[in-house]
Amino acid sequence: MMNLGDMKTVIFSTLLLFCGLSFVHGQTNYYQGRTTVSGDSVTYRVKVTSTGAYRIDNIHNKKAGTPLRMLDGTLADGSKGYGATQNQPYEQTLYRAVKEVLPDSVLQALKNAEEQMYIGLIVEHDGRVSEVSFIFDDDSLLTAIPPDQYYSIEQKIKRYTTFTLWSNSKDVQFVKMTGILSFKRLK
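This structure is a prediction, so every number in the text was calculated from the model and none was measured. (Residues numbered from 1 in each chain as written. Predicted model: local features only at pLDDT ≥ 70, side-chain atom pairs only at ≥ 80, totals over all residues. Heavy atoms only, no water.)

## Some details on the packing of helix 2 (residues 94–101) against helix 4 (residues 147–160)
It is the contact of helix 2 with helix 4, at a shortest axis distance of 9 Å, that shows an interaxial angle of 140°. As for the relative orientation of helix 2 and helix 4, their crossing is right-handed in sense. Touching L94, R96, A97, V98, E100 and V101 of helix 2 are Q149, S152, I153, K156, I157 and Y160, all from helix 4. Its residues placed into classes, the contact of helix 2 with helix 4 shows seven nonpolar, two polar and three charged. (Axes fitted to C-alpha atoms, helices over the stretch in contact; angles between N-to-C directions. Helix = DSSP H or I, 4+ residues; strand = E, 2+ residues; numbered from the N terminus. Left-handed = near helix turned anticlockwise from the far one by under 90°. Contact = heavy atoms within 4.5 Å. Nonpolar A, V, L, I, M, F, W, Y, C, P; charged D, E, K, R; others polar.)

## Things to note about helix 4
A rise of 1.5 Å per residue sets the reference length of helix 4, with its 14 residues, at 20 Å; its end C-alpha atoms lie 20 Å apart and thus fit the reference within 8%. By the burial criterion, the buried members of helix 4 are P147, Y150, I153, E154, K156, I157 and Y160. (Expected span 1.5 Å × (residues − 1). Buried < 20%, exposed > 50% of the residue type's maximum accessible area, 1.4 Å probe, protein only.)

## Considering the nonpolar core
If you look at the biggest cluster of nonpolar residues, it comprises 44 residues, and the most contacted ones within it are L102, I119, F134, F136, Y150, I157 and F183. The element best represented in this core is helix 2, accounting for five residues. (Core = buried A, V, L, I, M, F, W, Y, C linked by side-chain atoms within 4.5 Å.)

## Overview of unusual backbone geometry
Even without glycine at this site, E114 takes up a positive phi of about 55°. Of note, E114 is situated in the loop between helix 3 (104–112) and strand 5 (116–123).

## With respect to the pairing of strand 5
Residues in a regular strand point their side chains to alternate faces of the sheet. In terms of residue burial, strand 5 counts as a mostly covered element, since six of its eight residues are buried. In this structure, strand 5 lies alongside strand 8 (residues 175–182), joined through eight bridges in antiparallel fashion. Across the sheet, Y118 pairs through a bridge with I180, a residue of strand 8. Direction of pairing for strand 5 relative to strand 6 (residues 129–136): antiparallel, over a ladder of six bridges. The residue of strand 6 that forms the bridge with V123 is V129. Linking strand 5 back to strand 6 in an antiparallel pair, the connection comprises five residues, with G127 at a positive phi of about 90°. (Pairing = 2+ DSSP bridges.)

Take a look at the structure:
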């Protein structure tokens, strides 16, 4: 026979499992078959990549899909390896942003499914992030996250993340960086 404490633990664990499973099984794919998707605060362009993944970009993004150019407007030599170093660890930027926006039950479901997401960042000369894009698989649980939550994550990433441009990147208009957010690493 179970004591009251053990029974409460079983009930609480069952509720957490139910919340995670309802996220997994009852999910809506906000991005399938769409070229744009809107929330109350944002509209994202939806593109399907060559691998079938979704790439969502804020409609106000202007640089993410453009070729890298020098300050004088000429095309940059991609073989030069332009880039920047992030000034803070991911735990203080990308992971923090996601943890502040998504409910614990959703985070746990993403962690259990070992989901990951690529985050494209446009970094300006002053080191700030001006544009954010999200890339996730078409069969991912991440398709059930509504646009307004991605917008909140985007705003937090811009607020929390800064970079220092590499010395060879001072002559390009901006640099493109990619972050990989692996939910199994969430603490």
